[in-house]
Amino acid sequence: MTPHSPARTLPVVPARTRKPPRHLADLEPAARRAAVTELGEPAFRAGQLSRHYFGRYTQDAAEMTDLPAASRDALAAELLPPLLTADRELVCDDGTTRKTLWRTFDGALVESVLMRYPDRVTMCVSSQAGCGMACPFCATGQAGLTRNLSTAEITGQVVAGARLLASGAVPGGPGRVSNVVFMGMGEPLANYAAVIGAVRRMTDPVPDGIGISQRSITVSTVGLVPAIGRLAEEELSVTLAVSLHAPDDSLRDTLVPVNRRWKVAEVLSAAWAYAAATGRRVSIEYALIRDINDQAWRADLLGSLLAGHLVHVNLIPLNPTPGSKWTASRPESQREFVRRLEEHGVPVTVRDTRGREIDGACGQLAASARP
């Protein structure tokens, strides 16, 4: 989601050769109990530690007063190591939209965005440092892939947002994260195991997880067909969002290069199978690009492909990125696109461009550090 021009990036260690230290959020509850007993503590300490992290959003040993003083530091050091350090935070919308640039243990950079609305708080999280999908209109895709994030690194972005809300630091008073969208940096289904682990940590009830409803989680993909099939078998109630951006293979091959492997028909077939297996409406993400994919005939083609299916279209006015030759559609083209989809009976909305001023909107995340 975020580009800055590459002014200065922090040095990144060849991260693929190193793994993040083990963290509580990487482990299933049974594995947490085993880890605690290996440290010479009774198994129930795992539940106490989990409640502090997932329920109270703390990893500061000094605040864990229900743990023996002699054990706190050792447990926190072994199971709550610092994984993400806030390098910079930008705010807009009177403080209710906040983008955080995180530095990982090995110097990789990722970003997350917290967006508070009157009726909900949504966290947009990254699943990879960078992205390997190479979509030319997306700043993240142009940056390339550094590495996958771990389950704990993904989950930690949400815990950090929850901590900020609980403290009352976001205008509107204390609150909680109600929705999570995997629409930050990276292709979530290219980091499948860690993303599924993070979904379970976010949705398992406290103390095992954060306790967010599965139906309030959205997992986005450019269309990795085999992984969509795996997701359908997970027995989760998350929303699948498919970043389509073109209804025809000739254009989508350019806009979404993975289309050269899995064509539009295959991607949509996998999406309909997901909807059938889960009963969940599929979201089709479509960035409107002036004179590229916003023609009326493409709206009609998209409408004909989607009509009659359990689907909703999110039209996204293209957000500006440095050096891009493309820009958002004209207002009249956008209105006509919406009208034609509605004529096909396809539900459609135009996405709110929250965070554009701080390079925190869709397609803008690039994670650069400034001097």
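None of the values given here were measured: they were computed from a predicted structure.

Participant: Tell me about the pattern of salt bridges, and please be specific about residues and values.
Facilitator: For the structure shown, the criterion picks out 17 salt bridges. Residues E41 and R45 are paired through a salt bridge, measuring 3.6 Å at the closest nitrogen-oxygen approach. Where R351 meets E285, a salt bridge forms, and the shortest distance between an N and an O atom there is 2.0 Å. Of this pair, R351 sits in the segment after β12 (348-350) while E285 sits in strand β10 (residues 282-288), and the two are 66 residues apart along the sequence. Assessed through its relative accessible area of 2%, E285 is described here as buried. It is possible to trace a salt-bridge network through shared partners that takes in D300, E336, R339, R340 and E343.

Participant: Give me the side chain of D294: which residues, what numbers.
Facilitator: For D294, the position within the fold is in the loop between β10 and α10 (296-306). R330 is the oppositely charged side chain nearest to the buried, salt-bridge-free D294, at an N-O distance of 5.1 Å. Only 3.0 Å separates the side chain of D294 from the backbone nitrogen of D291, close enough to count as a polar contact. Polar side-chain contacts of D294 include one of 2.8 Å to the side chain of S329. In this structure D294 touches L288, I289, S329, R330, S333 and F337, once residues within four positions along its chain are discounted.

Participant: Describe unusual backbone geometry, naming the residues involved and giving the relevant values.
Facilitator: Cis rather than trans, the peptide bond between V206 and P207 has omega equal to 10 degrees. On the secondary structure map, P207 appears in the loop between α6 (192-203) and β8 (217-221). Although it is not a glycine, D94 adopts a positive phi angle of roughly 60 degrees. If you trace the backbone, D94 turns up in the loop between β1 (84-92) and β2 (97-104). On the basis of relative accessibility, which here comes to 74%, the residue D94 falls in the exposed class. Unlike most non-glycine residues, H245 shows phi in positive territory, near 70 degrees. Inspection of the secondary structure assignment puts H245 in the loop between β9 (239-243) and α8 (249-255). Owing to a relative accessible area of 6%, H245 belongs among the buried residues under this scheme.

Here is what the cut-offs are and how they apply
Residues numbered from 1 in each chain as written. Predicted model: local features only at pLDDT ≥ 70, side-chain atom pairs only at ≥ 80, totals over all residues. Heavy atoms only, no water. Salt bridge = Lys/Arg side-chain N within 4 Å of Asp/Glu carboxyl O. Helix = DSSP H or I, 4+ residues; strand = E, 2+ residues; numbered from the N terminus. Buried < 20%, exposed > 50% of the residue type's maximum accessible area, 1.4 Å probe, protein only. Lys, Arg positive; Asp, Glu negative; His and termini not counted. Polar contact = N/O pair within 3.5 Å; in protein donor to acceptor, adjacent residues only side chain to side chain. Contact = heavy atoms within 4.5 Å.

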